[in-house]
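Understanding the architecture of this molecule
One letter stands for each residue in the lines below.
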Amino acid sequence: MQRLRATFAGDLGTALFSTLGLLAVGWVVILAIQSPRSLIATMVIGITDGAIYALIALGYTMVYGIIELINFAHGDVFTLGGFIALPLFAAFGIGPGAHYSLVFIPILLLVFVLVMLINGLVNITIERVAYRPLRGAPRLAPLITAIGMAFILEGTMYLWRGPVNLRFPDLISEARYTNSLIDIGVKDVMVVVVAIFLVVMLSLFINRTKLGKAMRATAQDRDAAQLMGIDINRTISATFFIGAALAGAGGLVYALYFNSIRFDLGFSAGLVAFTAAVLGGIGNIEGAALGGLLIGIIRALVDRYISASWSDVIIFAILIIVLVFRPTGLLGMRVPEK
Amino acid sequence: MRTARLGRVAAIAAFAIVAVACGGGGSGGSGSGSKGTISIGVDLPESGAAASSGLPTLDGVKFAVQKAGGSIDGWTLTVENRDDAVGGSYNADKGVQNVTDLINNNNVVAMVGPFNSAVGKAEIPIAAPAHLTMISPSNTNPCLTKDLSSCDYHPADLRKGNPNNYFRVVATDDLQGPAMADYAFTTLGIKKIGILDEKTVFGVGIANAFQAQYQKDGGTFKRDSFDPKTTTDWRAILNGFKDFGATAIYVGGTDDQSACKPRGQMNALGIGSWPYLGGDGIETSQCIDDAADSANGVSATTAGADAGQISSAASVITDYKKAFTGANDYGAYTMSAFDAANIEIQAIKQALDAGKDPKKVNDFREAVRVNVSKTSGYAGVLGTTTFDANGDTSAKIISVYAVKKEDAAAVAKGDLTCGKAGGSNASFCFVWVKQFNFGA
């Protein structure tokens, strides 16, 4: 009770914020009492979708954090991950109709690594060609080249595989664990495990390695970092590489999860992931992961218990409320200091 | 539906031989040679990927002319056909150009076509002032003839103050939803359904029409809609339908948005065996592919009758296949085009009998138009046609197709819509199951 009073003693924003948060928690508690099984199933859907959003959001947030560019092409780099995987699978004799088998696991891991590598190299090239020459140019110029790159990537993927939904090999086991409360598939676990693994690795990389330190330094103050002897170009390239590698893994996870991918997927997924990055606080790695998860969970809850017609409305209304009272996002932004 | 060039060449050659043979005999029997030429214009997409739609339809018109003996009352009867495809798909501008061309041809007294509703929308304003009769074998957009509030254009605007010159021998899309509602409620016995639309004019419209009829039939529903641009996961929505107690889903949309992707996610939720129903927007290979492990159980409607299922059509189709022997010469709209051409031939004959002179082309076109508009109780291959004031046929037939596993021979024949993406879905095809007649 005391805490509640303290909450309301704050300014209007905090009060409104807390009220809405409490209402949301209350609603979820009611849902849990009504049917825990149904709520858990919905949360599983929300968390898996959210994990994929998070993997994309990380790339947006890293690039924005270091050069303040909204890399609109990032959503399409995500799709590219799935597209690159298809011929790689084909090279190992795995066609679109293939089904899960244990022997595929090593191939799968190898394809994961290759996709992340190729995707990273593609993104480095994009940065080199379309963004680096404009580093000193007015802000709008790289923004437009980013949009341009998005269309070029989409157009290339369209020319490559056409307008159809591409069927993806079904390489993850369909096995499910079910009891009276929980119903969870191997696929669900795979998505979450991959996402957690990559986010932890990223976090370790950024906080524990020399290059990670260079990235943080460049993000804080590029000029000072350069004066300290940090190779700015190399650092920025590394950022693009890692962002794209994560997005590529995300694209592959998405395609393995839903067994389908289309050339224009990046538009929708990218938009949602960018929203997630802003919601969590752009430039902030943990924020991007949190934002992705939140959006995934909110969407699943609204889809199931309210109406999918309202999903986008509610997600973006929440985004507006959060940003109005906390313009730097939930966990605060981390961008270059001026 | 697919094209094989050799078959086409053979068919045209066969037709030419028959035409020459018939030309000698003549049906008028006047013996004094032809009085001149009367032509039926045709505008269809006839090249590239669209050829599989247009060419079998064109052959239906040719077959009608052939059946008439290539002449009417001493006048030589020919087909003037134009291709409205550009780069392999239909093109409204090319259609307008073709119709202008046909109007400037003084032998052309009426036309069959076009194939696509969007082309019809562009052509009617050109043909109406010339009083040139158009009978479409395949346009199903209701807006071309009906003044509906959901339409973004209206028949009166298309005609520009001229009397109606546009008719069709197929039913309209607005009957697809009700037909599927009756099929779901009565035939499949589904009492509770989830209705999903993808927030497009077509999708919401067809889902609304389904919903209204399903409710009238006594069914209960839960409605939801998704934005195909931002939705990649439908499982929470589908679980919502499960909570509601639905045992099937109707989707208002087209496969090029995302109408069949929810189907692909149903298996993981243990509801992959539910019937998944929709309009002609999902009667496609893409839909079967998107349905992944749950292709079986998808059903779709199309506006129009399946000639292969009408017993009275059997002998005509047999005759046709003797004259047009290519594997792909027979298409979904061949018999519609045959009926359309025959209605025009009947109207031309009536005009000649009434003493109209085909050389006075404007008067003659108007006479044909008036005669066609009065078509009543015409017994064609696909049923009895009476045109209403809008130009719509009384034979309002909607066909229902369901996805079933077919054997390799049936798939190889190529006249079924089957999965394409490889894997097991290539043997799943849409197969005719039932038809509804709203005209009866």
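It should be emphasised that the depicted structure is a prediction, and the values quoted were computed from it without experimental measurement.

Along its length, chain B carries 14 helices and 18 strands. Seen along its three principal axes, the alpha-carbon backbone of chain B occupies a region of about 80 × 50 × 40 Å. Counting over 440 residues, chain B shows a buried share of 55%. A separation of at least 24 residues holds for 76% of the contacts in chain B among residues at least 6 apart in sequence.

Let's shift gears to the overall build of chain A. Helix and strand content of chain A: 13 helices and four strands. Along the three orthogonal principal directions, the C-alpha set of chain A runs to about 55 × 55 × 35 Å. A burial count over chain A gives 46% of its 338 residues as buried. Sequence-distant contacts, at least 24 apart, represent 79% of the contacts inside chain A between residues at least 6 apart.

Here we take up the confidence of the model for chain A. Looking at chain A as a whole, its pLDDT mean stands at 89, while 96% of the residues score no less than 70. Across residues 4-9 of chain A, where pLDDT falls below 50, the model places four contacts with residues more than four positions away in sequence or in other chains.

Turning next to the sheet that holds strand β12 (residues 276-278) of chain B. Residue and element names in this part refer to chain B. The eight strands are arranged β10-β9-β11-β12-β13-β16-β18-β17 in an open sheet whose pairing can be described as mixed. Both edges of this open sheet fall to β10 (220-225) and β17 (417-418), since each of them pairs with a single strand only. Of the strand pairs in this sheet, strand β16 (residues 397-405) and strand β18 (residues 428-437) are connected by nine bridges, and their pairing is antiparallel. Residue pairing across strands places Val 403 opposite Phe 430, the latter belonging to β18. Sheet strands in contact with helix α6 (residues 176-187) are β9 (192-197), β11 (249-252), β12, β13 (298-303), β16 and β18, and its direction is about 55° off that of β16. On top of the sheet, helix α8 (residues 235-244) reaches β9, β10 and β11; it is set at about 165° to β10, its chief contact.

Glycine aside, residues mostly have negative phi angles, and peptide bonds mostly take the trans form. All names here are of chain B. Gly 113 connects to Pro 114 through a cis peptide bond whose omega is -5°. Tracing the backbone shows Pro 114 in the loop between β6 (108-112) and α4 (117-127). Residue Asp 73 is not a glycine yet carries a positive backbone phi of 45°. Residue placement: Asp 73 occurs in the loop between β2 (71-72) and β3 (75-83). Judged by the 16 C-beta atoms lying within 10 Å of it, Asp 73 is partly exposed. Phi angles above zero are rare outside glycine, and Lys 199 is one such case at about 60°. Relative to the assigned elements, Lys 199 resides in the loop between β9 and α7 (201-217).

Another point: the interface of chain A and chain B. Between chain A and chain B, the contact holds 27 residues from the first and 26 residues from the second. Counting residues per element, the ones that place at least two in the side of chain A that touches chain B are α3 (36-67), α11 (265-280) and α12 (285-305) of chain A. Here the residues of the side of chain A that touches chain B sort into eleven nonpolar, eleven polar and five charged.

All right, on to the domain arrangement of chain B then. Residues and elements named next belong to chain B. Along its sequence, chain B is organised into domain 1 (5-171 + 311-395) and domain 2 (174-303 + 398-437). Tallying the contact residues gives seven residues for domain 1 and six residues for domain 2. Class assignment of the residues belonging to the side of domain 1 that touches domain 2 gives a composition of four nonpolar, three polar and no charged.

For the rest of this paragraph, the subject is the packing of helix α5 (residues 104-131) of chain A against helix α10 (residues 232-258) of chain A. Residue and element names in this part refer to chain A. Interhelical geometry of α5 versus α10 gives an angle of 135° and a closest axis separation of 7 Å. Classified by the angle between their axes, α5 and α10 sit oblique to one another. Where α5 crosses over α10, the two elements pack in a sense that is right-handed. Between α5 and α10, the contacting residues are Phe 112, Val 115, Met 116, Asn 119, Gly 120, Val 122, Asn 123, Ile 124 and Glu 127 on the first element and Ile 236, Ser 237, Phe 240, Phe 241, Gly 243, Ala 244, Ala 245, Ala 247, Gly 248, Ala 249 and Leu 252 on the second. A per-class count over the contact of α5 with α10 returns 13 nonpolar, six polar and one charged.

Residues and elements named next belong to chain B. Spatial strand order, β2-β3-β1-β6-β7-β8: six strands in an open sheet with mixed pairing. Looking at which strands have only one partner, the edges of the open sheet turn out to be β2 and β8 (166-168). Alignment of strand β1 (residues 37-44) against β6, held across four bridges, turns out to be parallel. Within the sheet, the bridge partner assigned to Gly 41 lies in β6 and is Met 111.

About the cut-offs
- Residues numbered from 1 in each chain as written.
- Chains lettered and ligands numbered in written order.
- Predicted model: local features only at pLDDT ≥ 70, side-chain atom pairs only at ≥ 80, totals over all residues.
- Helix = DSSP H or I, 4+ residues; strand = E, 2+ residues; numbered from the N terminus.
- Buried ≥ 20, exposed ≤ 12 C-beta atoms within 10 Å, placed from the backbone.
- Contact = placed C-beta atoms within 7 Å.
- pLDDT = per-residue confidence, 0-100.
- Pairing = 2+ DSSP bridges.
- Axes fitted to C-alpha atoms, helices over the stretch in contact; angles between N-to-C directions.
- Nonpolar A, V, L, I, M, F, W, Y, C, P; charged D, E, K, R; others polar.
- Domains from an automatic or database assignment.
- Parallel < 35°, antiparallel > 145°, perpendicular 65-115°, else oblique.
- Left-handed = near helix turned anticlockwise from the far one by under 90°.

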